[in-house]
Amino acid sequence: MQQLEHHNQYLVTFEGDDLEQAGPRCFIAHDYEIAKSEGRKIAYERGLDPDKIRIFYRINIIAVTNAVEVGQDTNYEEVIQQINDEWKSL
């Protein structure tokens, strides 16, 4: 397996919403200070209370596995299990 790639994500919601309440109405930044300043700016532009933004953090991880040879009759459940086994061995 190749090295993992990770991305920091700061999700900003408005009017005190949590992520479930906000749905797609949130702003995503890759830096806390940018999330805070841009979130407050967007809230102000939309007539929302900038003091009611909430910032959530998550890491988005991408893992690229080694390639596994397949054919027309490949059982992909076995391929997925092989890849999962490789992931677990890290």
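The structure this text deals with has already been given above.
Given the structure is predicted, the values throughout are model-derived calculations rather than measurements.

**Re the overall build of the protein chain**
Of regular secondary structure, the protein chain possesses 3 helices and 3 strands. Mapped from its N terminus to its C terminus, the protein chain presents α and β elements in the order β-α-β-α-β-α. What you see for the protein chain is a C-alpha radius of gyration of 20 Å, clearly larger than the 12 Å of a compact globule of 90 residues, by over 25%. Its C-alpha atoms give the protein chain principal-axis dimensions of roughly 60 × 25 × 20 Å. In the protein chain, buried positions account for 19% of the 90 residues. Taking the contacts inside the protein chain whose residues are at least 6 apart along the sequence as the reference set, 57% of them involve residues at least 24 apart. A total of about 6,900 Å² of accessible surface is found on the protein chain, and carbon and sulfur atoms cover 48% of it. Between the mean site of the 9 positive side-chain charges and the mean site of the 17 negative ones, the protein chain shows a separation of 13 Å.

**Points about the side chain of Q9**
Structurally, the position occupied by Q9 is in strand β1 (residues 5-13). The exposure class assigned to Q9 is buried, which follows from its relative accessible area of 11%. There is a polar contact of 2.6 Å between the side chain of Q9 and the side chain of R58. Excluding its chain neighbours within four sequence positions, the residues that come into contact with Q9 are I28, A29, H30, F56, Y57, R58 and N60.

**Here we look at the sheet that holds strand β3 (residues 54-62)**
Taken together, 3 strands build an open sheet; the order of strands is β2-β1-β3 and the sheet is antiparallel. Of all strands in the sheet, those bounded by a partner on one side alone are β2 (27-29) and β3. Going from strand to strand, the sheet's axes swing by 30 degrees on average, the running direction of each strand aside. By the bridge criterion, 9 bridges tie β1 to β3 in an arrangement that is antiparallel. By the bridge assignment, T13 is partnered in β3 with R54.

**Thoughts on the packing of aromatic side chains**
Under the criterion given, the structure shown has 2 aromatic pairs. Between the aromatic rings of Y10 and Y32, the centroid separation amounts to 6.0 Å while the plane-to-plane angle is 75 degrees, which identifies the pairing as edge-to-face. Of this pair, Y10 sits in strand β1 while Y32 sits in helix α2 (residues 32-45), and the two are 22 residues apart along the sequence. Measuring from centroid to centroid gives 4.9 Å for Y10 and Y57, while their planes differ by 45 degrees, and the two rings are tilted. Of this pair, Y10 sits in strand β1 while Y57 is found in strand β3, placing the two residues 47 residues apart along the sequence. A residue is classified by how much of its surface remains accessible, and Y10, at 17% relative accessible area, is buried.

Thresholds applied
- Residues numbered from 1 in each chain as written.
- Predicted model: local features only at pLDDT ≥ 70, side-chain atom pairs only at ≥ 80, totals over all residues.
- Heavy atoms only, no water.
- Helix = DSSP H or I, 4+ residues; strand = E, 2+ residues; numbered from the N terminus.
- Rg over C-alpha atoms; globule rule 2.2 N^0.38 Å.
- Buried < 20%, exposed > 50% of the residue type's maximum accessible area, 1.4 Å probe, protein only.
- Contact = heavy atoms within 4.5 Å.
- Areas by Shrake-Rupley, 256 points an atom, 1.4 Å probe, with all protein chains shown as cover.
- Lys, Arg positive; Asp, Glu negative; His and termini not counted.
- Charge placed at Lys NZ, Arg CZ, Asp CG, Glu CD.
- Polar contact = N/O pair within 3.5 Å; in protein donor to acceptor, adjacent residues only side chain to side chain.
- Pairing = 2+ DSSP bridges.
- Axes fitted to C-alpha atoms, helices over the stretch in contact; angles between N-to-C directions.
- Phe/Tyr/Trp six-rings, centres within 6.5 Å; stacked < 30°, edge-to-face > 60°.

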